[in-house]
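Letter by letter, the chains look like this.
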Amino acid sequence: MDKEKIEKPEDEMDKDSQLQDKQPDEDEIMDIIAEEKIAKLEDDERKQLKKNKKLRHKVGIRNVIILILIVIIIILLLRSCSGDTNDSRVNKPELEQAEYIQPDDVADMEHMEGTTAIPVISDFTVRKSYPYATLFNPESNLGYSYLSYKFTDLSTGKVIYESKLVEAGKKFSVAFGDLLDIGTYQVSVDIYSYDYTDPTIQKNGGHSDITLTVTE
């Protein structure tokens, strides 16, 4: 009886043996852990590659936008400079607002060859209802000289009107009827010419004393 209690049945011993065979040893456990780590690293690497690809795409778009902006800026700079390509002027002056002369606008001029053409200003009358008188710089001064005008009341020494520089081939209007009361004025007219290339250089000019009348 005692021998039967101590010894296990043969079928139970076979089961225990099978269970022991199924339990992994230490090397197998290490291999499993290593494979899991490798799988995780490969997954992380795939995620990083995907992230890097998106980043490169964004950087590429940004670089394209920057390049386009640079090209636009260069084009704008070239356009802004294109108008001055053949402009050899040293100092660009502040110019009178003027329009181009028409053929019937041309008045008498004092003009000697090799000098600036200077308009001759004679007596004139303006009205309060239409106060304008036209002044101009002849086309023959194109690329050669600017003109400026100065009108001074001889009785008071007060400057009635002084223009900015006028480009050749252009005319402008002055509202003397708004600047003066109704009456007759003795006026000194000075016309100055300046070099087109360097407007700080004054050239020949003209002077005349006229009668300027303002009526209703």
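Pairing is possible between side chains of opposite charge, provided their charged atoms come close. Taken as a whole and assessed by the stated rule, the structure comprises five salt bridges. Residue D44 is joined to K40 by a salt bridge in which the shortest nitrogen-to-oxygen separation is 3.3 Å. Pair noted here: D44 and K40 are both in helix 3 (residues 26-82), with a separation of four residues, about one helical turn. In this structure, E167 engages K170 in a salt bridge whose closest nitrogen and oxygen atoms are separated by 3.1 Å. Among the residues examined, E167 registers a relative accessible area of 26% and is labelled partly exposed. A relative accessible area of 15% means that K170 is categorised as buried. Shared partners join several salt bridges into a network, and the residues in it are D43, R46 and K47.

Our focus in this paragraph is the sheet that holds strand 5 (residues 132-137). The three strands lie next to each other as 1-8-5, forming an open sheet whose pairing is antiparallel. The sheet is open, and its two edges are formed by strand 1 (99-100) and strand 5, each paired on a single side. Sheet analysis places strand 5 next to strand 8 (residues 170-175), joined by six bridges and oriented antiparallel. Its bridge partner being in strand 8, Y132 is matched across the sheet by A175.

Before going further, it helps to examine the environment of I121. The topology assignment puts I121 in the loop between strand 3 (118-119) and strand 4 (124-127). Apart from residues no more than four positions distant in its own chain, I121 is found in contact with L135, Y149, V189, I191, S208 and I210.

Another aspect to go through is the pairing of strand 4. Consecutive residues of a regular strand have side chains that alternate between opposite faces of the sheet. Side chains F124 and V126 project from strand 4 onto a buried face, and the interleaved T125 and R127 project onto a face without burial. Across four bridges, strand 4 lies against strand 10 (residues 202-215) in parallel orientation. Looking at the pairing, R127 lines up with T215 of strand 10.

As a further point, take the side chain of T152. Residue placement: T152 occurs in strand 6 (residues 145-153). Setting aside chain neighbours within four positions, we find T152 in contact with G157, K158, V159, I160, Q186, V187 and S188.

So, how was this worked out
- Residues numbered from 1 in each chain as written.
- Predicted model: local features only at pLDDT ≥ 70, side-chain atom pairs only at ≥ 80, totals over all residues.
- Heavy atoms only, no water.
- Salt bridge = Lys/Arg side-chain N within 4 Å of Asp/Glu carboxyl O.
- Helix = DSSP H or I, 4+ residues; strand = E, 2+ residues; numbered from the N terminus.
- Buried < 20%, exposed > 50% of the residue type's maximum accessible area, 1.4 Å probe, protein only.
- Pairing = 2+ DSSP bridges.
- Contact = heavy atoms within 4.5 Å.

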